[in-house]
Each structure stands twice: as structure tokens, then as C-alpha cells.
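# Summary of structural features
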Amino acid sequence: MDNDLDQFNSFTFGTLSLAEVKEKVLKFMEERPEEKYRVVIGSDSQAKNGTETDFVSAIVIHRLGCGGIYFWQRKIEKKTYVLRQRIYQEATLSLALADKFLEQTKHDGISRYDVEIHVDIGEYGETKEMINEVVGMVRNLGYKVQIKPSSYGASKVADRHT
């Protein structure tokens, strides 16, 4: 990410409807229409207490070089996942949120921005063997995809709340 996450303003998506998120995004972009923006959606998860898994998904509107805003929501599932299942569930939640967000904003000009899906996998660590599978899944659904270290929507923003 170009700058520190502290330059981003956070909103709990759970307290806002998707329509309210759309309005805040439009207002944010209208404040400085000459700037370049990136729309990012990412998810992260954390096993909790050995009996449940905490998933956080984020919508990030990155005003390139100038911070941004993000909205996040939490979903707690009353079961545990092995790492492979968690990564696929994170990607699935991000894709579903991207579809909903684009449906909500299709008449507002936001759809002209390519939405990037940020997945919490990378060349190093246990997830490196999953890169081709997960990246292929996201690309096959028509989205751009980023992995670590470029996947800040998942590995920095959503991770901040898991």
C-alpha cells in the first residue's frame, strides 16, 4: 500500500446498509473527482477458541497516494476450518461482496473502476501452493486479483479487524 493504513477512515459496515455504504463512497469520490481511485475488496479470517472462525470482509476505496476509506463487516461461523478451507471461504466472501457492491452501484459510475479482489495468500508460507487455484478462481469470475504483498485489502485492512 502506498501509505500507512492510518490515513484510511474506517466504518463498520455492519452498522450501515449497502445503500448507505454506496452513498458514503459516492460522497468521498465526489469530494476529489480529479483523483485516481482503486476499489478493493478483501477478506481475512482467524480461528477463535477452537470452535468458531471469525471472518472479516472489507470494501476499500483507495484514493491513490492520498489515503482512502474502508468499510468492514464481521461474520462469525460456529465451526473451525483448516487453512485451505479458510482461504477459499475468504475468497468466496470477497467475491460475493464484490458482486453485491457492484450490483448496488451499477448506475452510479463506480462500476467503471475495476474491482480488485485481494486474497490473503502469497509466495511464502503455507498458502503458496494455493496461488494458482485461488487466483484462477477469482480471474475466472472476471475480477482482477492481488496476492501478498500487494493484497492490502485482505492482509492489512481486513486483518486489522480479525
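Presented here is a report on the structure given in the accompanying data block.

Thresholds applied
Residues numbered from 1 in each chain as written. Predicted model: local features only at pLDDT ≥ 70, side-chain atom pairs only at ≥ 80, totals over all residues. Heavy atoms only, no water. Phe/Tyr/Trp six-rings, centres within 6.5 Å; stacked < 30°, edge-to-face > 60°. Buried < 20%, exposed > 50% of the residue type's maximum accessible area, 1.4 Å probe, protein only. Pairing = 2+ DSSP bridges. Helix = DSSP H or I, 4+ residues; strand = E, 2+ residues; numbered from the N terminus. Axes fitted to C-alpha atoms, helices over the stretch in contact; angles between N-to-C directions. Parallel < 35°, antiparallel > 145°, perpendicular 65-115°, else oblique. Left-handed = near helix turned anticlockwise from the far one by under 90°. Contact = heavy atoms within 4.5 Å. Nonpolar A, V, L, I, M, F, W, Y, C, P; charged D, E, K, R; others polar.

### Some details on the packing of aromatic side chains
Here the distance between the centres and the angle between the planes together describe a pair of aromatic rings. Per the counting criterion, the structure on display carries three aromatic pairs. On the numbers, 6.0 Å between centres and 75 degrees between planes, the contact of Phe28 with Tyr37 is edge-to-face. Of the two residues examined, Phe28 and Tyr37, each falls in the buried class. Measuring from ring centre to ring centre gives 5.3 Å for Phe55 and Tyr81, while their planes differ by 90 degrees; the resulting arrangement is edge-to-face.

### Structural notes on the sheet that holds strand β4 (residues 68–77)
Ordered in space as β1-β4-β3-β2-β5-β6, the six strands form an open sheet in which the pairing is mixed. Looking along the sheet, the strands with just one partner apiece sit at the ends: β1 (8–12) and β6 (144–148). Strand-to-strand twist across the sheet, computed as the mean angle between neighbouring axes with direction ignored, equals 25 degrees. Inspection of the sheet shows strand β2 (residues 37–48) paired to strand β3 (residues 52–63) by twelve bridges, in the antiparallel sense.

### Concerning the packing of helix α2 (residues 83–105) against helix α3 (residues 131–140)
Their axes nearest at 11 Å, the elements α2 and α3 cross at an angle of 15 degrees. Regarding the angle of α2 to α3, the classification is roughly parallel. By crossing handedness, the relation of α2 to α3 is classed as right-handed. Across the interface between the two elements, Arg84, Ile87, Tyr88, Ala91 and Leu95 from α2 touch Glu133, Val134, Met137 and Val138 from α3. Looking at side-chain class alone, the contact of α2 with α3 contains seven nonpolar, no polar and two charged residues.

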